[in-house]
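What the coordinates show
Each chain, written out:
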Amino acid sequence: MEVRACAGNMDFARLWGGLLLPLVATLDFSYHHQEEMEAFLKNVAQNYSSITHLHSIGKSVKGRNLWVLVVGRSPKEHRIGIPEFKYVANMHGDETVGREMLLHLIEYLVTSDGKDLEITHLINSTRIHIMPSMNPDGFEAVKKPDCFYNKGRENYNFYDLNRNFPDAFEFNNVSRQPETVAVMEWLKSETFVLSANLHGGALVASYPFDNGVPATGTSYSRSLTPDDDVFQYLANIYASRNPNMKGDQCKNKMNFPNGITNGYAWYPLKGGMQDYNYIWAQCFEITLELSCCKYPREEKLPSFWNLNKASLIEYIKQVHLGVKGQVFDQSGNPLPNVIVEVQDRKHICPYKTNKFGEYYLLLLPGSYTLNVTVPGKDPHLTKVIIPKKSQDFSALKKDILFPFRRQVDSIPVSNLTCPMIPLYSNLPSHSAATKPGLFLFLVTLFHILFK
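What counts, and at which threshold
- Residues numbered from 1 in each chain as written.
- Predicted model: local features only at pLDDT ≥ 70, side-chain atom pairs only at ≥ 80, totals over all residues.
- Heavy atoms only, no water.
- Helix = DSSP H or I, 4+ residues; strand = E, 2+ residues; numbered from the N terminus.
- Buried < 20%, exposed > 50% of the residue type's maximum accessible area, 1.4 Å probe, protein only.
- Contact = heavy atoms within 4.5 Å.
- Areas by Shrake-Rupley, 256 points an atom, 1.4 Å probe, with all protein chains shown as cover.
- Polar contact = N/O pair within 3.5 Å; in protein donor to acceptor, adjacent residues only side chain to side chain.
- Core = buried A, V, L, I, M, F, W, Y, C linked by side-chain atoms within 4.5 Å.
- Phe/Tyr/Trp six-rings, centres within 6.5 Å; stacked < 30°, edge-to-face > 60°.
- Lys NZ or Arg CZ within 6 Å of the ring centre and 35° of its normal.
- Axes fitted to C-alpha atoms, helices over the stretch in contact; angles between N-to-C directions.
- Parallel < 35°, antiparallel > 145°, perpendicular 65-115°, else oblique.
- Nonpolar A, V, L, I, M, F, W, Y, C, P; charged D, E, K, R; others polar.
- Pairing = 2+ DSSP bridges.
- Disulfide = S-S within 2.5 Å.

1. Notes on the overall build of the protein chain
- When its secondary structure is counted, the protein chain shows 12 helices and 15 strands.
- Relative to its full complement of 451 residues, the protein chain shows a buried share of 58%.
- The contacts of the protein chain with a sequence gap of at least 6 include a subset with a gap of at least 24, amounting to 77%.
- For the protein chain, the accessible area works out to roughly 19400 Å², and carbon and sulfur atoms hold 54% of it.

2. Comments concerning helix α4 (residues 117–125)
- Of all the positions in α4, only I119, T120, L122, I123, N124 and S125 are classed as buried.
- The opening residue of α4, the one whose side-chain oxygen lies 3.0 Å from the backbone nitrogen of E118, is D116.

3. Concerning the nonpolar core
- Of all hydrophobic cores here, the largest spans 117 residues; its most connected members are Y87 and L105.
- Sequence-distant contacts of L105, defined by excluding residues within four places in its chain, comprise Y87, I130, W305, L312, I313 and I316.
- Among the nonpolar cores identified, the runner-up in size contains seven residues, and A202, M254, F256 and Y267 belong to it.

4. Notes on the packing of aromatic side chains
- This model, assessed by the stated rule, comprises 20 aromatic pairs.
- For the ring pair F169 and F209, a centre distance of 5.0 Å and an interplane angle of 75 degrees mean the geometry is edge-to-face. Linking F169 in the loop between α5 (136–141) and α6 (178–189) with F209 in the loop between β6 (202–207) and α7 (228–239), this pair joins segments that are 40 residues apart in sequence.
- Judged by centre distance (5.1 Å) and plane angle (65 degrees), the ring pair of W266 and Y267 falls under edge-to-face.
- Clustering of aromatic rings is evident, with ring pairs tying together F169, F209, F231, Y278, F284, Y351 and Y424.
- Here K86 stacks its cationic end above the ring of F192, 5.5 Å away from the centre of that ring.
- The cationic tip of R99 hangs over the ring face of F139; the distance from NZ or CZ to the ring centre is 3.7 Å.

5. Brief notes about the packing of helix α3 (residues 97–112) against α4
- Across the interface, α3 lies against α4 with an axial gap of 9 Å and an inter-helix angle of 100 degrees. If you check the angle between α3 and α4, you find them roughly perpendicular. Taking contact as the criterion, the partners of Y108, L109 and S112 in α3 are, on α4, I119, T120 and I123.
- Grouping the constituent residues of the contact of α3 with α4 by class yields four nonpolar, two polar and no charged.

6. Concerning the sheet that holds strand β10 (residues 339–342)
- Read across the open sheet, the three strands follow the order β10-β12-β13; overall the sheet is antiparallel. Of all the strands in the sheet, the pair left with one neighbour each is β10 and β13 (380–386). Neighbour-to-neighbour, the strand axes of the sheet open up by a mean angle of 25 degrees, direction not taken into account.
- As paired strands, strand β12 (residues 366–373) and β13 are joined by seven bridges and run antiparallel to one another. In the strand pairing of β13, V372 is matched with H380.

7. Quick word on the sheet that holds β6
- Strand order in the open sheet made by the eight strands is β1-β2-β4-β3-β5-β8-β6-β7, with mixed pairing throughout. The open sheet has two edge strands, β1 (52–59) and β7 (260–262), and neither has a second partner. Strand-to-strand twist of the sheet, defined as the mean angle between neighbouring strand axes without regard to direction, takes the value 20 degrees.
- Sheet analysis places strand β3 (residues 84–89) next to strand β5 (residues 192–199), joined by six bridges and oriented parallel. Residue pairing in the sheet places F85 in a bridge with L194 of β5.

8. Examining the side chain of E95
- As for its placement among the helices and strands, E95 is situated in the loop between β3 and α3.
- Within the structure, E95 has its side chain in polar contact with the side chain of H199 (distance 3.2 Å).

9. Examining the state of the cysteines
- Per the stated rule, a full pass over the model turns up three disulfides.
- A sulfur-sulfur distance of 2.0 Å marks the disulfide that ties C147 to C293. Judged by the sign of its S-S torsion, about -95 degrees, the cystine formed by C147 and C293 is left-handed. Of this pair, C147 sits in the loop between α5 and α6 while C293 sits in the loop between β8 (284–291) and α11 (301–317); the two residues are 146 residues apart in sequence, bridging distant segments of the chain.
- Each sulfur of the disulfide joining C250 and C292 lies 2.0 Å from the other. In this structure the cystine formed by C250 and C292 twists about its S-S bond by roughly -95 degrees; its chirality is therefore left-handed. Of the two residues, C250 sits in the loop between α8 (243–246) and β7 while C292 sits in the loop between β8 and α11, which places them 42 residues apart along the sequence.

10. Looking at the pairing of strand β11 (residues 358–361)
- Side chains E358 and Y360 project from β11 onto one buried face, and the interleaved Y359 and L361 project onto a second face that is buried too.
- Relative to β11, strand β9 (residues 323–328) is paired through four bridges, and the arrangement is antiparallel. When the bridges of β11 are listed, K324 appears paired with Y360.

Have a look at this one:
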């Protein structure tokens, strides 16, 4: 009780203290090119240094920085028990709404801390990484904005970055681009739990898989992950709070029931970023298509912000779904590289604890059996019940103790990652791909341009 009261007092103190925080210059509703975006991000990082950290994860082909602004109570480093969340926008340079939405989200978060109780709680409990542009070269290459297709979709080397990642279903023998490599290295450096990448050209929340094999259900014109229930829930969380996604969708284009779709059911693609996140980075990612027009007029940006603001905030909160904890040996030492999976939803590349012995599993309310496996030891089974009403801004906490003492270097480093090859290529078809309802499967090249 004393701890809870103390935490509450801290939140109210921040609310009062927020009135004294410096204000960032109001961000206008216009398109911000690289220099303007950098100036805004640096201004935020300087004026809100206690809750933000600005860094570049790499450079584009033309040498532009790939900026990420981190917002959180410990912005410069991971804290045990605090999940890592990310938003990435503008990987197609001509799809511009997401880029501006993330800049306005940054402004909203930092100016609301200490003033809005919900945002203050969110910043207390989450480390939020925001990358407004993964393809700054493409954005700068657009000379005549168009609703359908612009030169800047690809990077400077004319590669589509959303076809440039390793693929779990077939070999993707393309030249890996600097922007892609930078993101892949970034994913290795953090324990990301939940993510979304923001696109334009349609109105829909699309969830994995984007590619597939019969074992994932392609015979039924879809491709499902073992966590399909969670992914559908996540997509619905976003779409249901965006009036245009759940209602008025793009004219003369595909209609998506409730504003969501399985990626493969829309159309298959190889080398996509959301599949890579889920398989190799242990991070649940969905794709958010925010506008029928890829590069709409600036005067429409305030409307897009009003339509997406609630969804952007609510989606971040979902990083606290399910269960989290640490795995320890009998001496209380955290155990890295331990497989922690739900018994009936194993991943093709098993999810493992990080260097702090932490695990995070996004799960809906219900009863589950966790299968915890230390290399060379018998599996440990433990039951967890995720309550219907989860704790505010925190997943269920479940630490796991193994009755042995860890030997130094006893857990081989070579097992930390799975090879980046088509892991699904040799799997037989299985019953998990149950027969769905009717999916639209006739997709033209026109639609393919919209993802």
